[in-house]
Amino acid sequence: MKKGKAKKWIERIETIFKVVPCSEEQKVTLASILLVKEAKHWWKSVRPISRVNWTWDEFKVRFFNFYFPVAFRAEKEVEFYEFKQGNLNEEAFITKFIQLSKYSTYLVRNNDSKWKAERLLEKMRPEY
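A. Region of interest: the overall build of the protein. The helix and strand inventory of the protein stands at eight helices and zero strands. A globule of 128 residues ought to have a C-alpha radius of gyration of about 14 Å, yet the protein, at 18 Å, is considerably larger. Principal axes of the C-alpha set define a box for the protein whose edges measure 60 × 30 × 25 Å. Taking all 128 residues of the protein together, 30% fall into the buried category. For the protein, restricting intrachain contacts to residue pairs at least 6 apart in sequence, the fraction spanning at least 24 positions comes to 63%. Just so you have it, the protein exposes about 8900 Å², and 56% of that area is on carbon and sulfur atoms.

Below, the structure written as structure tokens:
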């Protein structure tokens, strides 16, 4: 599973959870059943051996740490802060901005939509 597909995979799983209520343990069980190829091998190597089960949030943290190592996330965060519209049309610019904003540690912790909007306006070409 590639990095982009890993994030989309988690989003699809969470869509299922919105429709089918599951306990934390059931979420991890369902997700682990749906893993394929190297993701399945990753799970077999890290799944809890003890009687203590992971919560869904713990599963996601470990999953993202495997598919999005700290160095990769740091690189993407720098890319977000350095990103400018340049020659991108408005739609491509906004799409890329939203994708990169997911790597901002500030936004991950604070979910500050006003700050995000200010950064978007800052990064647009001056004629906008």
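Back to the write-up after that little detour.
B. Representation of the side chain of Glu-77. Inspection of the secondary structure puts Glu-77 in helix 5 (residues 70-82). Within the local environment of Glu-77, its side chain forms a polar contact with the side chain of Thr-105, the two groups lying 2.8 Å apart. Those residues in contact with Glu-77 that sit more than four places away from it in its chain are Tyr-103, Ser-104, Thr-105 and Tyr-106.

Rules and cut-offs
Residues numbered from 1 in each chain as written. Predicted model: local features only at pLDDT ≥ 70, side-chain atom pairs only at ≥ 80, totals over all residues. Heavy atoms only, no water. Helix = DSSP H or I, 4+ residues; strand = E, 2+ residues; numbered from the N terminus. Rg over C-alpha atoms; globule rule 2.2 N^0.38 Å. Buried < 20%, exposed > 50% of the residue type's maximum accessible area, 1.4 Å probe, protein only. Contact = heavy atoms within 4.5 Å. Areas by Shrake-Rupley, 256 points an atom, 1.4 Å probe, with all protein chains shown as cover. Polar contact = N/O pair within 3.5 Å; in protein donor to acceptor, adjacent residues only side chain to side chain.

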